[in-house]
Amino acid sequence: MGADNALLVVIKIMNKLKKEGVVLDYAIFGAMAVMKYTEPVFTTGLDIIVSFRPSPIIILTPIYDEFKKLGYQWEGQHIIVEGFPVEFMASGELEDEAIEKANVVSVGGIKTKILKPEYLIALSVKAGRTKDRMKIDLLLSQVKIDVTNLNDILVRHSLKSKFDRTYKWPER
């Protein structure tokens, strides 16, 4: 059990929901995505960002219903999959763009998407929590960031000044 098994289960279910048209697309983000590019970090769960068809109301219920139908329980804001908390977040404009441009990777022979580092940074700037600032520091210090792309993303999504006030590019 644990994170690896939970990840495979979630990917299989999300790919099924995508194929059925329940969701447009999805990608892994948060600490699990950061670890694709950096040394391991502590995380208490798996974060999945989900894109839906345009609608005035976005409801995550079909996703939760699918997991519940398979015997997984909802605990607070998480679905517990193979003992590991999984949180789903509906996408907005920045998130939709991030999903569209995400890296396609194979996990256990199954294709999924993981957000690119520049989008992980932008979403972390947007959230602005302490744990998000730590992810940004880790990505900036350990990953070759496409600075032009990152700046473009930050400007287009009105996050550049927030980034510049808080973060400094590390010396390499």
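Heads up: the structure comes first, above all this text.
The rules behind each value
Residues numbered from 1 in each chain as written. Predicted model: local features only at pLDDT ≥ 70, side-chain atom pairs only at ≥ 80, totals over all residues. Heavy atoms only, no water. Axes fitted to C-alpha atoms, helices over the stretch in contact; angles between N-to-C directions. Helix = DSSP H or I, 4+ residues; strand = E, 2+ residues; numbered from the N terminus. Parallel < 35°, antiparallel > 145°, perpendicular 65-115°, else oblique. Left-handed = near helix turned anticlockwise from the far one by under 90°. Contact = heavy atoms within 4.5 Å. Nonpolar A, V, L, I, M, F, W, Y, C, P; charged D, E, K, R; others polar. Polar contact = N/O pair within 3.5 Å; in protein donor to acceptor, adjacent residues only side chain to side chain.

**A look at the packing of helix H4 (residues 93-100) against helix H5 (residues 117-127)**
Packed helices, taken two at a time, are described by their axes: the angle between them and the distance between them.
At step 1: With their axes 10 Å apart at the nearest point, H4 and H5 run at an angle of 165° to one another. Considering their axes alone, H4 and H5 lie roughly antiparallel with respect to each other. As H4 packs across H5, the resulting crossing turns out to be left-handed. Residues Leu94, Glu95, Glu97 and Ala98 of H4 form the contact with H5, whose participating residues are Tyr119, Ala122, Leu123 and Lys126.
At step 2: In the contact of H4 with H5, the residues fall into five nonpolar, no polar and three charged.

**A short note on the environment of Arg133**
At step 1: Relative to the helices and strands, Arg133 resides in helix H6 (residues 130-142).
At step 2: Sequence separation between Arg133 and Tyr167 is 34 residues, and the spatial gap between their C-alpha atoms is 8.5 Å.
At step 3: Separated by 2.6 Å, the side chain of Arg133 and the backbone oxygen of Gly128 make a polar contact.

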